[in-house]
Amino acid sequence: LAELEKALRGKASIVAAKAAAIAEAAKLEALEPALAAALEQFLAEATDKGCLAKTAIAKALVAIETRSEAAMLAGARHVQMEPTWGGATDVAVELRGVCAAGLVNMRSRHAMGVLVNLLADKSPAARALAVRALVAHGGDAAEALVRYKLLVGDEDYAVMAECFPAAIALTRSTEPVEPFLDSPDDGLREAAILAIGESRLPRAFELLRDRWDVEVDPEMHKLLAMSIALTRQPAASAFLIGIAEQSDSKAACVAIEALGMYRTDDAIRSKLSQIAEKRGGDVLRAFGQAFSSR
């Protein structure tokens, strides 16, 4: 431990980052004071290019479930602009997200204020990290913030894509996401469809089934079929088997490909095998690819 403490006290950010990575992997709780001091030291000095040491130290502190609130608060507010081609880039985005997560984990009374600021951060990546941390925080305030974000939207699809499963997790309902199934924006519809499928909530299959005849784009049908399969509901697999049996070969292939995640289910494999043998051609080839041993 002495060598690791020495590395953390030094000014060499790469060495400190490696020491922090070791502390994180081994969850060396005894190093908490040294890690917190090192984070505050690197925050105060301009010797950590790329935020490598600070981010590694913050991750180690989170791994050992730190109670060093002051250090994590400082990290959650840190902005570090560094020159890049044609401008400057904030390299402290991940650091802010990690420290915010640490504050949530320790149930800090300052956590929600930090998350509000992070949700309004200039960086899309930081805003997405804020959404994830809000899910971990839970509670009415977190739900309200995610719902508000859904209402006002975000210029970055990745942020909205984080908001959909977050809203479902916080409410245990697909209701906040359902309006986006009718969005004129293909990207938002896709993200909503996937989030609803992954939720596996009872209403998920019904919602996605109703979209099947509404969506006409082949790529959207692929996403729908996969999301329907992801619900893991017996009615969902029965629906896709029906598509494989009765619809045109293109739709049948899409359904079979989606059902490939059930390749270890003997009943589904047997039923699709019969359908594929009967239909032949592209359908048979799709079955062979989706249900081959991997």
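Predicted model, so just to flag it, every value in this text is computed and none were measured.

1. Concerning the overall build of the protein chain
Right, on to step 1. When helices and strands are tallied, the protein chain shows 17 helices and two strands.
Right, on to step 2. Here the protein chain has a C-alpha radius of gyration of 24 Å; the compact-globule value for 294 residues is 19 Å, and the former is much larger.
Right, on to step 3. Principal-axis analysis of the C-alpha atoms places the extent of the protein chain at approximately 70 × 40 × 40 Å.
Right, on to step 4. Classification of the 294 residues of the protein chain by burial places 51% in the buried group.
Right, on to step 5. In the protein chain, the proportion of contacts linking residues at least 24 apart, taken out of those at least 6 apart, comes to 63%.
Right, on to step 6. When the accessible area of the protein chain is evaluated, it comes to approximately 14,600 Å², of which 54% is carbon and sulfur surface.
Right, on to step 7. Positive and negative charge centroids in the protein chain, built from 34 and 40 side chains respectively, lie 3 Å apart.

2. Examining helix α5 (residues 69-76)
Right, on to step 1. Restricting attention to buried positions, one finds in α5 the residues Ala71, Met72, Leu73, Gly75 and Ala76.
Right, on to step 2. On its buried face, α5 sits against α3 (32-44), α4 (52-63), α6 (93-105) and α7 (111-119).

3. Focus on a nonpolar patch on the surface
Right, on to step 1. On the surface, a nonpolar cluster with roughly 370 Å² of combined accessible area is contributed by Tyr148, Leu151 and Val152.
Right, on to step 2. Inspection of the secondary structure puts Val152 in helix α9 (residues 140-152).
Right, on to step 3. Overall, the relative accessible area of 48% leaves Val152 in the partly exposed class.

4. Notes on the nonpolar core
Right, on to step 1. The biggest cluster of nonpolar side chains holds 106 residues, and the ones touching the most others in it are Leu35, Ile57, Phe164, Trp212, Leu240, Ile256 and Leu272.
Right, on to step 2. A per-element tally of this core places helix α10 (residues 157-171) first, with eight residues.
Right, on to step 3. Those residues in contact with Leu272 that sit more than four places away from it in its chain are Ile241, Ala244, Ile256, Leu259, Phe287 and Phe291.

5. Some words on the pattern of salt bridges
Right, on to step 1. This model, assessed by the stated rule, comprises 19 salt bridges.
Right, on to step 2. Its salt-bridge partner being Arg211, residue Asp182 comes within 2.7 Å of it at the nearest N-O pair. Residue Asp182 is located in the loop between α10 and α11 (186-199), and its partner Arg211 is located in helix α12 (residues 202-211); the two are separated by 29 residues in the primary sequence.
Right, on to step 3. Overall, the relative accessible area of 59% leaves Asp182 in the exposed class.
Right, on to step 4. Look at Arg211 and you get buried, because its relative accessible area is 9%.
Right, on to step 5. Its salt-bridge partner being Asp186, residue Arg189 comes within 3.0 Å of it at the nearest N-O pair. Of this pair, Arg189 and Asp186 are both found in helix α11, three residues apart, which corresponds to roughly one turn of the helix.
Right, on to step 6. Of the residues examined, Arg189 reaches a relative accessible area of 11% and is grouped as buried.

6. Overview of the packing of aromatic side chains
Right, on to step 1. This model, assessed by the stated rule, comprises four aromatic pairs.
Right, on to step 2. Arranged with centres 4.8 Å apart and planes meeting at 55°, the rings of Phe164 and Phe180 form a pair that is tilted. A residue pair is termed long-range when its members are at least 10 positions apart, and Phe164 in helix α10 and Phe180 in the loop between α10 and α11 qualify at 16 residues. Each member of the pair Phe164 and Phe180 is classed as buried.

Thresholds applied
- Residues numbered from 1 in each chain as written.
- Predicted model: local features only at pLDDT ≥ 70, side-chain atom pairs only at ≥ 80, totals over all residues.
- Heavy atoms only, no water.
- Helix = DSSP H or I, 4+ residues; strand = E, 2+ residues; numbered from the N terminus.
- Rg over C-alpha atoms; globule rule 2.2 N^0.38 Å.
- Buried < 20%, exposed > 50% of the residue type's maximum accessible area, 1.4 Å probe, protein only.
- Contact = heavy atoms within 4.5 Å.
- Areas by Shrake-Rupley, 256 points an atom, 1.4 Å probe, with all protein chains shown as cover.
- Lys, Arg positive; Asp, Glu negative; His and termini not counted.
- Charge placed at Lys NZ, Arg CZ, Asp CG, Glu CD.
- Patch = residues over 30% accessible without salt bridge, like charges linked within 9 Å, V, L, I, M, F, W, Y side chains within 5 Å.
- Salt bridge = Lys/Arg side-chain N within 4 Å of Asp/Glu carboxyl O.
- Core = buried A, V, L, I, M, F, W, Y, C linked by side-chain atoms within 4.5 Å.
- Phe/Tyr/Trp six-rings, centres within 6.5 Å; stacked < 30°, edge-to-face > 60°.

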